[in-house]
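# Fold and contact review
Residues per chain, in single letters:
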Amino acid sequence: MADIVLFTPKPELDAKRNLEAFIRVASTQLKTIQVDLNFEENIWSYQGTNRNHKIRFGTTASTKKGMKDHQMVPLTEPFLGFSKAYIRYQQGMAPVETPETHRLLVLRVLHDALIECVGTADITALTPIVLDATSVRLKQTYALSSLASYGHALKQIADFVQKNLLAFTPFAWKAPFKNENNGTRVGEDFYKHRDKKLPSPTALASLAQIFCDASEPEDIMFSSIGALLCCGPARISEVMALETNPEHEEQASDGSMKFGLRWRPAKGGASQVKWIPEPMHEVAREALRRIRSLTHRGRELALWYEHNPGRMYLPKSLEHLRLRPLLSRSELTQVLYGEDVDVNDATRRNGANQWFDGGSEETPIPSSGAEIGKIVAYPYATVERKVLAMLPATFPFIDKKRGIKFSDALFVTERGGVQSDYCKYVCMIASVNRAAVISRFGATPSSSIFERHGFREDDGSSIQLKTHQPRHYLNMAAQINHMSQLDIALWSGRRLVAQNRQYDHVSGRDLALRAEEIVGGATSAQVPAILQTPHFLVTRSRFKQPSGVAGHTTEFGHCVHDFTMLPCTLFRDCLNCDEHVCVKGDAVKEAALRRHLDETRELLKEAQLAQAEENYGADRWVEHQAKTMERLEELIAILDNPKVPDGAVIRSRGMPGASRIEQATQRRIFALKETDKVLKIVSRTPNALPKPSTSPDKEEGAA
């Protein structure tokens, strides 16, 4: 690991001089990415942990997919120097597998925004206006699902510039993008987002059918990879990093056998055993068996190359060719494609010739007959050199960071061994990579295993199964089935429990069903235990239980108010309280309710007569008695309903609480109404109040 060099800006210098110092440190003192890296080059090619990388410091327009290196237009100075220094410095401080993706992509867009806003590609001119313009460009160009990560990368650049005094103007800035999962569980947007993250039922069913029916190596390999993805929440890179024999069995505390896979989580998760749900045990075992049957030859070949560096593999029947300075086309065909191949097959013969880059110059050698002539021949040393050049760049390691060799890896085959449209090289190895899986899962229709087997979505569109969708699906299944958040994080190989949130696609309806299961049904309110028994007397031991609460008997039912927290705020107006319940089947209390309804009707009539005579306070009694009568009629209608069984507990809904503020407001309104009534009476009776005196003496006295 390269030594870390920390850049420290000098406050006494201006932004330009700090920028020059930063670029100088990155170009001369840092050893990250590559020790002998040529900092002045605009295209950096280097060997990473698992593959070769290429970082192209060109403009957005000149680095699009399909553009060649010679077509690239470099970024403008001084932004070019800053971009190189930033990429190299950050790769030492916070290394990522592919610095050429998010970090460099955002730098390119920032470069264009600087030219648009300030007319020059100078990072020292960075301001919130430039950052906002960069955000607009990102939003216009890239998918919504990627904006949050791009915004995070842009925020890192802004913070780095501020922290290291590389901008003339101090500022604070926050990225405007948020993750798609904003916590909402209802509505059309939620379901659209969920549908994008989860595999379609048709895709899962089709994958299962292909797994059962597969007979060709390509179908066997990629349907087995899909099966493993469905056995546990996995990243495709983690599946591709499995070793030859990852199975692990262990006896559980109840005596049953647990089955899992030895797993190396990506993104910082600790090594673990990823336990497989019991219904998927045999699926995982069968998938691993099939994969090993297709890859054992590749591992043997990798081991041979480990033990024989600098030599080309030849089958025993072709070992004599090592002594031959020249190979005929038929012999070259056998070296590349196997001793059993038909050497007269035009496809193989032409393929061998093309592999040798068009053949070599005709070399005079004796033919098999008596005549001497010229035939196409290939120098053995050149063939050997070309074959060895086909070895993976990281050989013998398929994952150097984790120390996994090709000879120990699960997904190593003879080159082209599981590709139906590719000639298999018996002398060379290759790994089954993520790009091949993505392609076979529908990203490339011509290579899709679904298209080959005639499977399509219900609407007739092509099936595309994204490798991360099974991970989302299994996380949602775990959420629905009440697995704890800690267990979900461990099962998924996450460092932080908070990361579960991005994989939680449980809808509001699912949560409501879960709540009903927990409380024991779709009841509107939980009823105290003492009211669920056929009698109203309970033992002291049961009364003292935590679930037990005091239930006070009233004239019409039972009060479940907790008097230890607050006294009654309604002064025993039980029928207009949502903490009062009635039980159907109690003849005494039902009779009291009916009797009270008759009394309330009479009281309402009297209050209405008093209101007509404009008696003080009569309108409030009319309002109260009308409300009480309405509640009683609703309650008795429920009691008389034959569909409601005896013993049913009935509780009022939508009852307004006894708010002190509301009571004060009502008193204020009542006082204003009464004052208005008095003024009306005075206006109708001119002599109701004494007239003021007009005596001069009294006026002087008043004065």
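What counts, and where the lines are drawn
Residues numbered from 1 in each chain as written. Predicted model: local features only at pLDDT ≥ 70, side-chain atom pairs only at ≥ 80, totals over all residues. Heavy atoms only, no water. Helix = DSSP H or I, 4+ residues; strand = E, 2+ residues; numbered from the N terminus. Buried < 20%, exposed > 50% of the residue type's maximum accessible area, 1.4 Å probe, protein only. Contact = heavy atoms within 4.5 Å. Areas by Shrake-Rupley, 256 points an atom, 1.4 Å probe, with all protein chains shown as cover. Pairing = 2+ DSSP bridges. Axes fitted to C-alpha atoms, helices over the stretch in contact; angles between N-to-C directions. Parallel < 35°, antiparallel > 145°, perpendicular 65-115°, else oblique. Lys, Arg positive; Asp, Glu negative; His and termini not counted. Salt bridge = Lys/Arg side-chain N within 4 Å of Asp/Glu carboxyl O. Polar contact = N/O pair within 3.5 Å; in protein donor to acceptor, adjacent residues only side chain to side chain. pLDDT = per-residue confidence, 0-100. Core = buried A, V, L, I, M, F, W, Y, C linked by side-chain atoms within 4.5 Å. Patch = residues over 30% accessible without salt bridge, like charges linked within 9 Å, V, L, I, M, F, W, Y side chains within 5 Å. Phe/Tyr/Trp six-rings, centres within 6.5 Å; stacked < 30°, edge-to-face > 60°.

### A short note on the overall build of the protein chain
Looking only at helices and strands, one finds 23 helices and 17 strands in the protein chain. A buried classification covers 41% of the 703 residues belonging to the protein chain. Taking the intrachain contacts of the protein chain between residues at least 6 apart in sequence as the baseline, contacts between residues at least 24 apart amount to 62%. As displayed, the protein chain has an accessible area near 40,100 Å², and 53% of this comes from carbon and sulfur atoms.

### Describing the sheet that holds strand E5 (residues 272-275)
Read across the open sheet, the 3 strands follow the order E3-E4-E5; overall the sheet is antiparallel. Every interior strand has two partners, whereas the edge strands, strand E3 (247-251) and E5, have only one. Across the sheet, the axes of successive neighbouring strands diverge by a mean angle of 45°, strand direction being ignored. In this sheet, strand E4 (residues 257-263) lies alongside E3 in antiparallel orientation, the contact comprising 5 bridges. In the sheet register, Glu 249 faces E4, and the bridge partner there is Phe 259.

### Structural notes on the sheet that holds strand E15 (residues 558-559)
Reading across from one edge, E14-E15-E16-E17 is the order of the 4 strands in this open sheet, with antiparallel pairing throughout. Looking at which strands have only one partner, the edges of the open sheet turn out to be strand E14 (552-553) and strand E17 (649-651). Bridge count between E15 and strand E16 (residues 580-583): 2 bridges; the pairing is antiparallel. Looking at E16, one finds that His 558 is bridged to Val 581.

### Thoughts on the packing of helix H8 (residues 217-229) against helix H14 (residues 434-443)
Contact geometry for H8 and H14: axes closest at 11 Å, N-to-C directions at 95°. Classed by the angle they form, the pair H8 and H14 counts as roughly perpendicular. Counting all contacts with H8, which are made through Glu 218, Phe 222, Ile 225, Gly 226 and Leu 229, the residues of H14 involved are Ala 436, Val 437, Arg 440 and Phe 441.

### Some points on the side chain of Arg 299
By the secondary structure assignment, Arg 299 is in helix H10 (residues 281-307). Put simply, Arg 299 is tucked away with no salt bridge, and the nearest opposite charge, on Asp 408, sits 7.5 Å away. In contact with Arg 299, not counting residues within four places along its chain, are Thr 244, Arg 292, Phe 406, Ser 407, Asp 408, Ala 409, Leu 410 and Val 412.

### Quick look at the side chain of Thr 124
Along the chain, Thr 124 falls in the loop between helix H3 (102-118) and helix H4 (128-141). Here the side chain of Thr 124 touches Asp 122 through a polar contact of 2.8 Å, side chain to side chain.

### A few points about the environment of Ala 214
Looking at the secondary structure, you find Ala 214 in the loop between helix H7 (201-213) and H8. Of the residues examined, Ala 214 reaches a relative accessible area of 15% and is grouped as buried. Spatially, the C-alpha atom of Ala 214 lies 9.4 Å from that of Ser 224, the residues being 10 residues apart in sequence.

### A word on the pattern of salt bridges
Considering all chains together, one arrives at 27 salt bridges under this definition. In this structure, Arg 452 and Glu 218 form a salt bridge, with 3.4 Å as the shortest nitrogen-oxygen distance. Here Glu 218 lies in helix H8 and Arg 452 lies in helix H15 (residues 449-452), a separation of 234 residues in the sequence. Classification of Glu 218 by relative accessible area gives buried; the value is 4%. We note a salt bridge from Glu 414 to Arg 297, for which the minimum N-O separation is 3.5 Å. Taken as a pair, Glu 414 in strand E12 (residues 412-415) and Arg 297 in helix H10 lie far apart in primary sequence, 117 residues in all. A relative accessible area of 10% means that Glu 414 is categorised as buried. The exposure class assigned to Arg 297 is partly exposed, which follows from its relative accessible area of 22%. Look at the salt bridges and you will find they share partners, linking Glu 218, Asp 219, Arg 440 and Arg 452 into a network.

### Topic: the confidence of the model for the protein chain
Of the residues in the protein chain, 82% have a pLDDT of 70 or more, and the chain-wide mean is 81. When the criterion is pLDDT under 50, residues 358-374 qualifies, and its contacts beyond four places in sequence or with other chains add up to 20 contacts. Note on residues 521-536: pLDDT is under 50 here. Beyond four places in sequence and across chains, it has 23 contacts.

### Comments concerning the packing of helix H2 (residues 79-93) against helix H5 (residues 144-163)
Running from amino to carboxyl end, H2 crosses H5 at an angle of 100°, the nearest separation of the two axes being 13 Å. It follows from the interaxial angle that H2 and H5 lie roughly perpendicular. On the side of H2, the interface is formed by Phe 82, Tyr 86, Tyr 89 and Gln 90, while H5 contributes Gln 156, Ile 157, Phe 160 and Val 161.

### What about the nonpolar core?
In terms of nonpolar packing, the biggest core is built from 52 residues, with Phe 79, Phe 82 and Leu 110 touching the most fellow members. Put simply, the parts of the chain that give this core at least two residues each are helix H1 (15-28), strand E1 (43-47), H2, H3, H4 and H5. Once residues lying within four places of it in the same chain are set aside, the contact partners of Phe 82 are Leu 19, Phe 22, Ile 23, Leu 107, Ile 123, Ile 157, Phe 160, Val 161 and Leu 166. Counting residues in each nonpolar core, the second largest holds 36 residues, with Ile 291, Phe 411, Ala 436 and Leu 465 among its members.

### Side note on a nonpolar patch on the surface
A cluster of nonpolar side chains, namely Leu 486, Leu 490 and Val 497, defines an oily patch on the protein surface of about 270 Å² accessible area. The topology assignment puts Leu 486 in helix H17 (residues 485-492).

### Section: the packing of aromatic side chains
As enumerated under the stated definition, the model contains 15 aromatic pairs in all. Look at Phe 190 and Tyr 191: their rings are 5.1 Å apart centre to centre, the planes differ by 80°, and that puts the pair in the edge-to-face class. Tyr 191 sits in the partly exposed class, given a relative accessible area of 31%. Summarising the aromatic geometry, the rings of Tyr 337 and Tyr 425 are spaced 5.4 Å apart at their centres and angled 45° between planes, so their arrangement reads as tilted. Taken together, the residues span a long stretch of sequence, with Tyr 337 in helix H11 (residues 329-337) and Tyr 425 in strand E13 (residues 425-431) at a distance of 88 residues.

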